[in-house]
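# Commentary on secondary and tertiary structure
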Amino acid sequence: ARALRGVPMLSAESRLPVQLSLDAYGKILDKIEENGYDSLTKRAYVGKWEKFAGIPASWYRTLDISKFLPLPGDDNLGKLEEYEKRLEEMLEKKWEEMSK
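Residues numbered from 1 in each chain as written. Predicted model: local features only at pLDDT ≥ 70, side-chain atom pairs only at ≥ 80, totals over all residues. Heavy atoms only, no water.

Here we take up the overall build of the protein chain. Of regular secondary structure, the protein chain possesses 5 helices and 0 strands. Counting from the amino terminus, the protein chain carries its helices and strands in the arrangement α-α-α-α-α. Element-wise, carbon and sulfur atoms account for 60% of the exposed surface of the protein chain, whose accessible area totals about 8,100 Å². (Helix = DSSP H or I, 4+ residues; strand = E, 2+ residues; numbered from the N terminus. Areas by Shrake-Rupley, 256 points an atom, 1.4 Å probe, with all protein chains shown as cover.)

Below you can see the structure in the form of structure tokens.
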């Protein structure tokens with residue numbers, strides 16, 4: 001989430017490759033979550049065509065207008081502090097489950 005805040009600070013020609021990387025790694029994280037966080041026996045794979053299909057959305061996110069007209073799903077990211085708190089709670093819960 002912190003990296004998303006830095007993309008607009010980059011030069012215009014650097015924004016798209018960085019945004020593409022953020023989105024691609026975000027998709028890999030989604031796959032890891034779908035696999036129940038089992039990254040040892042299941043592969044979290046995002047195919048070439050799935051990455052290609054995400055290029056228009058990544059490009060749009062690099063435009064200034066995306067701050068005022070976000071893509072569906074982008075406007076519910078919330079504040080960084082809220083995200084970090086949810087992430088910490090999720091990790092604590094997972095740790096407790098694994099400790100049992």
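On we go from here.
Considering every residue of the protein chain, the mean pLDDT works out to 83; 88% of them sit at 70 or more. Between the elements of the protein chain, mean pLDDT differs from a low of 76, seen in helix α5 (residues 80-99), to a high of 92, seen in helix α3 (residues 48-53). (pLDDT = per-residue confidence, 0-100.)

Our focus in this paragraph is the pattern of salt bridges. Two side chains carrying opposite charge are able to pair once their charged atoms lie near each other. Evaluation of the coordinates by the stated rule reveals 2 salt bridges. D23 is the partner of R61 in a salt bridge, and the nearest nitrogen-oxygen pair spans 3.0 Å. Separated by 38 residues along the polypeptide, R61 in helix α4 (residues 55-61) and D23 in helix α2 (residues 12-34) bring together distant segments of the chain. In this structure D23 comes out as buried when scored by relative accessible area, which is 15%. Of the charged contacts, one joins K31 and E50 as a salt bridge, the two residues approaching to 3.7 Å between their closest N and O atoms. Highlighted residues: K31 in helix α2 and E50 in helix α3, separated in sequence by 19 residues. (Salt bridge = Lys/Arg side-chain N within 4 Å of Asp/Glu carboxyl O. Buried < 20%, exposed > 50% of the residue type's maximum accessible area, 1.4 Å probe, protein only.)

Here we take up the side chain of T62. Structurally, T62 can be placed in the loop between α4 and α5. Residues contacting T62, with those up to four places away along its chain left out, are R15, L16 and Q19. (Contact = heavy atoms within 4.5 Å.)

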